[in-house]
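Overview (structure and organization)
Read off the chains here:
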Amino acid sequence: MDPEVVVTQPGRQALHLVLESQLVLGRECEGLLLADAQVSRRHLELRPREGQVYCIDLGSTNGTFLDGERVTIPVVLAQGAVLALGDTTVRLADSPAMTSARKTTTSLSERVGGGELTRTSIDFVADMVAADEWQPRVDAGTVTILFSDIEASTERVSRIGDAAWVEVLELHNQLFRDELVRAGGREIQSMGDGFMLTFPSVRRALGFAVAVQTRLAAYEAEDPEKAVRVRIGIHTGEVITDGAGDLFGRHVHKAARVANLASGGQVLVSATVREIASGNRDFEIGEGSGVELKGLDGTHVVHEVHWQA
């Protein structure tokens, strides 16, 4: 049974919606339009997954609040939880299908077997794609896949505070989407500070990555407090897609693993990407290093893009 939310706007009758798939809320968006001046154009996204509902603030100006606390990272909503967006409220209705749901923030680390396994926004975005309910899938051909996230974002939130972090995140997300339009890429998934993007060519993906890192470096020089260091990984391969537009396959997984090896300010690419880009003098790609990628057999070679050159 799909979860249900109740959206109440000032002076309007409550709207009951069954969440069959992800839903964006805002004043000007591709989802549910809200007539609330305090709501941003793309304010909030709700994502149903396996009986739970994830809430992701999309860098809204005035914020999304849960129990009086501003939502700065993805959270899983409990039954009866009420979100406040300006004067609009969104309540998660009680449902038998939500028995496993509980109110919690989505941590970037989880305990496994008594130890600590670090998980990043890149992992979370990749997991969200893989966890989608099955739909008929078809061959989507060969695409270039890019994963990214902000290095040490959790520590950054703790240091600068929620309000300042929302401002930084909004700047980061807008920069990414501006450059994505210029590069002719496509946004597949985003979660907090993590993105999964695709491009029709290696050249476009590399151009996007270099443009993003260059602009972020300029912001850091101008205002170190608002600067972020972003990790980017790129891989090219054949993928499959479903009716919702999500991508699947081992090449998606490999792109995420390559990105997880990167440090802030770094762009790493697979050997496949380097081979395709060879001869293109617009990009300087270094010699490779053999690495093991979790979940993938054998040794893989990754290369660093020297974008500052």
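Quick look at the structure, then. Computed from a predicted model, the values in this text were never measured in an experiment. (Residues numbered from 1 in each chain as written. Predicted model: local features only at pLDDT ≥ 70, side-chain atom pairs only at ≥ 80, totals over all residues. Heavy atoms only, no water.)

**Let's talk about the pattern of salt bridges**
Counted only if it meets this: Definition used for salt bridges: Asp or Glu carboxyl oxygen within 4 Å of a side-chain nitrogen of Lys or Arg. The numbering of helices and of strands both runs from the N terminus, where a helix is a DSSP run of H or I of at least 4 residues and a strand a run of E of at least 2. Categorising residues by exposure relies on relative accessible area from a 1.4 Å probe, with only protein chains included: less than 20% of the type maximum marks a residue as buried, more than 50% marks it as exposed, and the intermediate range marks it as partly exposed.
Tallied over the entire structure, the rule returns 8 salt bridges. Across the salt bridge formed by Glu 187 and Arg 177, the nearest N and O atoms sit 2.9 Å from each other. In this pair, Glu 187 is assigned in strand β16 (residues 186-191) and Arg 177 in helix α3 (residues 162-183), connecting sequence segments 10 residues apart. Judged by relative accessible area, Glu 187 falls into the partly exposed class, the value being 28%. Since its relative accessible area comes to 18%, Arg 177 is described here as buried. As a salt-bridge pair, Arg 274 and Glu 287 come within 3.5 Å of each other at their nearest N and O atoms. Pair noted here: Arg 274 is in helix α6 (residues 271-277) and Glu 287 is in the loop between α6 and β21 (289-292), with a separation of 13 residues, a long-range link. On the basis of relative accessible area, Arg 274 is assigned to the partly exposed category, the value being 27%. One salt-bridge network, held together by shared partners, links Glu 179, Arg 182 and Arg 215.

**Let's talk about the packing of aromatic side chains**
Put simply, the rule reads: Paired rings are identified among Phe, Tyr and Trp, the last through its six-membered ring, by centres lying within 6.5 Å, and are further divided according to the angle between planes into stacked (under 30 degrees), edge-to-face (over 60) and tilted (the rest).
Per the stated rule, a full pass over the model turns up 3 aromatic pairs. Each ring, one from Phe 176 and one from Phe 195, has its centre 5.0 Å from the other, and the planes form 10°; the classification is stacked. Residue Phe 176 is found in helix α3, and its partner Phe 195 is found in strand β17 (residues 194-199); the two are separated by 19 residues along the sequence. Like Phe 176, the residue Phe 195 is buried in the burial classification. Here the aromatic rings of Phe 176 and Phe 208 are separated by 5.6 Å at their centres, their planes lie at 75°, and the arrangement is edge-to-face. Here Phe 176 is found in helix α3, whereas its partner Phe 208 is found in helix α4 (residues 202-222), with 32 residues between them in sequence. One exposure class covers both Phe 176 and Phe 208, and it is buried. An aromatic cluster is defined as three or more aromatic residues linked by ring pairs; in this entry it consists of Phe 176, Phe 195, Phe 199 and Phe 208.

**With respect to unusual backbone geometry**
Phi at Asp 67 is positive, roughly 55°, even though this residue is not glycine. Considering the arrangement of structural elements, one finds Asp 67 in the loop between β7 (65-66) and β8 (69-70). At Ala 152, a residue that is not glycine, the phi angle is positive and equals roughly 55°. For Ala 152, a relative accessible area of 43% puts it in the partly exposed group.

**A few points about the pairing of strand β18 (residues 230-241)**
The side chains of a regular strand alternate between the sheet's two faces. Using the following cut-off: Two strands make a pair as long as DSSP finds a minimum of two bridges between them.
Within β18, 10 of the 12 residues are buried, which leaves the element mostly enclosed by the surrounding structure. In this structure, β18 lies alongside strand β20 (residues 267-270), joined through 3 bridges in parallel fashion. Within β20, the position partnered with Ile 232 by the bridge is Val 267. With 2 bridges joining them, β18 and strand β19 (residues 247-248) adopt antiparallel strand pairing. By the bridge assignment, Thr 241 is partnered in β19 with Leu 247.

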